[in-house]
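# Structural description and commentary
Residue strings, one per chain:
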Amino acid sequence: MSTAIVIGSGAGGSFAAMELAAAGWQVIVFEKGPNHFTNLAGQGPFGTMFANDSLAMLQRYYAEPDPEVFPRTWRPNPSAPVQHTGSVDELPQVVGGGTVHWDAKVPRFWDIDFQQRSALGPVDGADVADWPFGYAELAPYYDEVERLIGVQGDTATFPDLVNQHAPRQGQYPMPPGPQMRSSTVIAHGAAAVGLHPFPFPMAANSVSGHNGQHACNNCGFCANFGRRCAPDGSS
């Protein structure tokens, strides 16, 4: 049996581990931080110790590295003294990586994103190159991942510009969930000035049952307080 070691359990590492395990590999995942999930080895929803606790999450670094223990440093050149940035854009260092406090937005790159050098030209002092493949080659993998993780959205609401640069072959696995009042107010204002707001694709269940998971209750706290599951399994 082939063996693989995956470093980090975020979006990239967890997918790599899953695919290798499904292909028959023996896989171990190394993660720098602690595990705040309570049921990774069992059946059913993954409960967590995350909560709407500002003191724990924002002051005691429950999910992120303590800047005094793991300082982020930089210097403009090798001879300059080390400077400390403090807690700035720190990424979570826990089991689940950055996925524990993202808001699950899953946009696709556009076709023009793969040809930046061709479109904009070379940049002095930078090694810029076009991607070795284009959007059309990547699109089937977008489809597969969106089905696998469960994405809500509605292609019928896309503006023509999105369909032009990121065309799709089918609808999302789930329809958009309920919109927050603030979102609807902003959308009405955007439409009034000629913009085209639409429900953004999001990797959170809008309906119960997809992939055996419950529907998200749209609490809105996933960005700063960790993604978690209630006792009934709803996120």
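Residues numbered from 1 in each chain as written. Predicted model: local features only at pLDDT ≥ 70, side-chain atom pairs only at ≥ 80, totals over all residues. Heavy atoms only, no water.

Before going further, it helps to examine the overall build of the protein chain. When helices and strands are counted, the protein chain shows seven helices and four strands. Counted from the first residue to the last, the protein chain has its helices and strands arranged as β-α-β-α-β-β-α-α-α-α-α. Scored against the burial criterion, the 235 residues of the protein chain give a buried share of 28%. Within the protein chain, contacts between residues separated by at least 24 positions form 56% of all contacts whose residues are at least 6 apart in sequence. In the structure as shown, the protein chain presents an accessible area of about 14,900 Å², 58% of it carried by carbon and sulfur atoms. The positive charge centre, built from 12 side chains, and the negative charge centre, built from 21, are 5 Å apart in the protein chain. (Helix = DSSP H or I, 4+ residues; strand = E, 2+ residues; numbered from the N terminus. Buried < 20%, exposed > 50% of the residue type's maximum accessible area, 1.4 Å probe, protein only. Contact = heavy atoms within 4.5 Å. Areas by Shrake-Rupley, 256 points an atom, 1.4 Å probe, with all protein chains shown as cover. Lys, Arg positive; Asp, Glu negative; His and termini not counted. Charge placed at Lys NZ, Arg CZ, Asp CG, Glu CD.)

It is worth spelling out the confidence of the model for the protein chain at this point. On average, residues of the protein chain carry a pLDDT of 86, and 93% of them reach 70 or more. Under a pLDDT of 50 for its full length, residues 229-235 has, in the predicted model, 17 contacts with residues more than four places off or in other chains. (pLDDT = per-residue confidence, 0-100.)

Time to look at the packing of aromatic side chains. The tally for this structure, following the rule as stated, stands at 11 aromatic pairs. The interplanar angle of 85° and the centroid separation of 6.2 Å between the aromatic rings of Phe37 and Phe50 together place this pair among those described as edge-to-face. A residue pair is termed long-range when its members are at least 10 positions apart, and Phe37 in the loop between strand 2 (26-30) and helix 2 (54-59) and Phe50 in the loop between strand 2 and helix 2 qualify at 13 residues. Side by side, Phe37 and Phe50 carry an identical accessibility label, which is buried. (Phe/Tyr/Trp six-rings, centres within 6.5 Å; stacked < 30°, edge-to-face > 60°.)

With that settled, the discussion passes to the pairing of strand 2. Judged from the five bridges that link them, strand 1 (residues 3-7) and strand 2 form a sheet pairing that is parallel. Within strand 2, the position partnered with Ile7 by the bridge is Phe30. One crossover worth recording links strand 1 to the parallel strand 2 by way of helix 1 (residues 11-22), and it is right-handed. (Pairing = 2+ DSSP bridges. Right-handed = clockwise from strand over helix to strand, strands pointing away.)

End to end, helix 4 (residues 135-149) covers 20 Å across 15 residues, agreeing with the expected 21 Å (1.5 Å per residue, within 8%). Along helix 4, the positions that sit buried rather than exposed are Tyr135, Ala139, Tyr142 and Glu146. Close packing links the buried residues of helix 4 with helix 5 (160-165). Phi for Gly150, located one or two positions after helix 4, is positive at around 80°. (Expected span 1.5 Å × (residues − 1).)

Turning next to unusual backbone geometry. The bulk of non-glycine residues show a negative phi, and the bulk of peptide bonds are trans. In this model, Tyr61 sits at a positive phi of 55°, which is unusual for a non-glycine residue. By secondary structure assignment, the location of Tyr61 is in the loop between helix 2 and strand 3 (73-74).

Membership of the largest hydrophobic core is limited to 10 residues, which are Ala104, Val106, Val151, Phe158, Val162, Tyr172, Met202, Ala203, Ala204 and Cys216. The residues contacting Val151, other than those within four sequence positions of it, are Val106, Glu146, Tyr172, Pro173, Met174, Pro201, Met202 and Ala203. (Core = buried A, V, L, I, M, F, W, Y, C linked by side-chain atoms within 4.5 Å.)

Turning next to the pattern of salt bridges. Close approach of charged atoms allows side chains with opposite charge to pair. Applying the stated criterion to the full structure yields three salt bridges. Note that Arg108 and Asp143 form a salt bridge whose closest N and O atoms lie 2.6 Å from each other. Highlighted residues: Arg108 in the loop between strand 4 (83-84) and helix 3 (116-120) and Asp143 in helix 4, separated in sequence by 35 residues. Assessed through its relative accessible area of 10%, Arg108 is described here as buried. A single salt-bridge network, built from bridges that share partners, covers Arg108, Asp143, Glu146 and Arg168. (Salt bridge = Lys/Arg side-chain N within 4 Å of Asp/Glu carboxyl O.)

Okay, the environment of Val207 next. Take Val207: it is sitting in the loop between helix 6 (181-192) and helix 7 (222-225). For Val207, a relative accessible area of 37% translates into the label partly exposed. The spacing of Val207 and Gly177 is 30 residues in sequence and 7.6 Å in space, taken between C-alpha atoms. Val207 has contacts with Met174, Gln213 and Ala215, leaving out every residue within four places of it along the chain.

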